[in-house]
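# Residue-level structural notes
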Amino acid sequence: QEIHYFDEVDSTNNAAKKLAANGCPEGTIVVAESQVGGRGRLARGWFSPPGKGIWLSVVLRPPFSPMDAAKCTLMAAVGVTRAINSVTGIGCGIKWPNDILWQGRKVVGILTEMSAEMDAINFVVIGMGINVNVNQEDFPSEIASVATSLSVAAGCEISRIKLLTAMLSELEAVYMLAKNSGFALVLEEWKKNSITLGQQVDVYGIDRNFSGQAFDIDADGALLIKTFQGVERVLAGDVSIRP
Ligand code: BTN
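Residue numbers restart at each chain and count upward from 1, following the sequence in its written direction. Totals for whole chains, interfaces and linings use all residues, but because this is a predicted model, local features are given only for residues with pLDDT of at least 70 and pairs of side-chain atoms are given and counted only at 80 or more.

With that settled, the discussion passes to the site of the ligand. By convention here, the C-beta atom is placed from the backbone, and a residue is near a molecule or strand when that atom is within 6 Å of it. The environment of the ligand is formed by 21 residues, the closest being Ser11, Gly40, Gly109, Gly127 and Gly129. Looking at the shell around the ligand, the elements with two or more residues in it are helix 1 (12–21), strand 3 (53–60), strand 6 (105–117) and strand 7 (120–131). Here the shell around the ligand is built from residues that sort into 6 nonpolar, 11 polar and 4 charged. Segments assigned H or I by DSSP are reported as helices when at least four residues long, segments assigned E as strands when at least two residues long, and all are numbered from the N terminus. Here the nonpolar group is Ala, Val, Leu, Ile, Met, Phe, Trp, Tyr, Cys and Pro; Asp, Glu, Lys and Arg are the charged ones; every other residue, Gly included, is treated as polar.

Structure follows, in structure tokens:
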């Protein structure tokens, strides 16, 4: 396995995509102390201060079809949740599709990017940003009310190395589970940890906005929502949970 460690990079996802395009093996990881161009979903940035988090990207070459890239995000969310729960003991939950929250505030963001040709995946880069030891007062004001860190949640410093080790082994275990035993088991675990299912949500989709009750996710990881018009299926976009 290749591990690429940087003191500072623009974005670990960018570095991982370059390595992947040059043929690095599956399981290659890129980790950095800080990112100066950390990226979030929907063209947002990602606050990545030095030494305070785990800014990590993993290269996979999954046997899934490009349609199934959403599965990688769900797998990562399950693996990271397992690791956080075992290392820190705080109870956090998954907000569809890719956020891990503690008491309504985001502690982890996941950004999955892929390269596909024809009907096969070339590679997938799963980028994970974990706010490990960020002080609450250090978050930029735009995200201060919606973000927090594991150390704030736990009330003490968290060992980044312990958490990173646990994450990598859980991610591998979840990936093996998906490949060998089928994706249904991963979905089940995702659902168990979900804070979205059963809630009233507002959906900001790629091409439309609507509201309804999130009641399930399907085999592709799409969120299913009951509305007055019927059942809507959302594969990408943003969801906010009504208080
Ligand atoms: C989001 O919630 O919008 C996704 C955030 C993903 C952040 C991580 S940090 C490591 C990797 N490199 C990046 O530039 N982004 C991801």
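That covers the picture; the talk isn't over yet.
As a note on interpretation, predicted positions should not be read in detail where pLDDT is low. Chain-level statistics for the chain give a pLDDT mean of 93 and a share of 98% at 70 or above. Overall fold confidence for the complex sits at a pTM of 0.93, while the interface term, ipTM, reaches 0.99. Values of pLDDT, which run from 0 to 100, indicate the predictor's confidence residue by residue.

To continue, consider the nonpolar core. The nonpolar side chains of a soluble globular protein tend to be buried, and buried together. Structurally, a nonpolar core is described as a collection of buried Ala, Val, Leu, Ile, Met, Phe, Trp, Tyr and Cys residues joined by way of C-beta atoms within 7 Å. Counting other C-beta atoms within 10 Å of its own, a residue is labelled buried from 20 upward, exposed at 12 or fewer, and partly exposed in the gap between, with every C-beta atom placed from the backbone. Membership of the largest hydrophobic core comes to 62 residues, with the highest contact counts inside it found for Met75, Ala76, Ala77, Val80 and Ile126. It is helix 2 (residues 69–88) that contributes the most residues to this core, 11 residues altogether. Any pair of residues counts as being in contact when their C-beta atoms, constructed from backbone geometry, are within 7 Å of one another. Among all residues touching valine 80, those that are not within four sequence positions of it are Ile100, Val108, Met128 and Met167.

Strand pairing is assigned whenever DSSP identifies at least 2 bridges connecting the two strands. Pairing analysis gives 5 bridges linking strand 8 (residues 200–205) to strand 9 (residues 209–217), with the strands arranged antiparallel. For glutamine 200, the partnering residue across the bridge sits in strand 9 and is glutamine 213. Hairpin remark: strand 8 followed by strand 9, antiparallel, with 3 residues in the connecting loop. Across 4 bridges, strand 9 lies against strand 10 (residues 223–227) in antiparallel orientation.

To continue, consider the domain arrangement of the chain. Bear in mind that the domain bounds are from an automatic or database domain assignment. Here the chain is described as being made up of domain 1 (3–192) and domain 2 (200–241). When each unit is reduced to the centre of its C-alpha atoms, the spacing between domain 1 and domain 2 is 23 Å. Across the contact, 12 residues belong to domain 1 and 10 residues belong to domain 2. Class assignment for the residues of the side of domain 1 that touches domain 2 results in 8 nonpolar, no polar and 4 charged.

Our focus in this paragraph is the sheet that holds strand 7. Across the sheet, 7 strands lie side by side as 1-2-3-7-6-5-4; this open sheet has mixed pairing. A single partner strand is all that each edge strand has here, and the edge strands are strand 1 (3–9) and strand 4 (93–95). Across the sheet, the axes of successive neighbouring strands diverge by a mean angle of 20°, strand direction being ignored. Running at roughly 145° to strand 6, helix 2 makes contact with strand 3, strand 4, strand 5 (99–102), strand 6 and strand 7 of the sheet. Here an axis means a line fitted to C-alpha atoms, over the contact stretch when the element is a helix, while the angle between two N-to-C directions is reported on a 0 to 180 degree scale.

Once that is clear, we can look at the pairing of strand 3. Burial of strand 3 is extensive: 8 of the 8 residues sit out of reach of the surface. The side-chain alternation of strand 3 yields two buried faces, one formed by Gly53, Trp55, Ser57 and Val59 and the other by Ile54, Leu56, Val58 and Leu60. Here strand 2 (residues 29–35) pairs with strand 3 via 4 bridges, running antiparallel. Looking at the pairing, valine 30 lines up with serine 57 of strand 3.

What follows deals with the environment of glutamine 213. Topologically, glutamine 213 is positioned in strand 9. Considering only alpha carbons, one finds glutamine 213 and phenylalanine 228, 15 residues apart in sequence, at a separation of 9.9 Å. Glutamine 213 has contacts with Gln200, Ile225 and Lys226, leaving out every residue within four places of it along the chain.

Contact geometry of helix 2 with helix 5 (residues 183–192) gives a least axis separation of 9 Å together with a crossing angle of 55°. Considered as vectors, helix 2 and helix 5 are oriented oblique to each other. Read as a crossing pair, helix 2 and helix 5 show a hand that is left-handed. The residues of helix 5 that touch helix 2, namely those facing Lys71, Leu74, Met75, Ala77 and Val78, are Phe183, Val186, Glu189 and Trp190. Residues belonging to the contact of helix 2 with helix 5 are distributed by class as follows: 7 nonpolar, no polar and 2 charged. If an angle is under 35 degrees, it is roughly parallel; if it is over 145, roughly antiparallel; if it lies from 65 to 115, roughly perpendicular; otherwise it is oblique. Each crossing gets its hand from how the near helix is turned against the far one by less than a right angle, where anticlockwise is left-handed and clockwise is right-handed.

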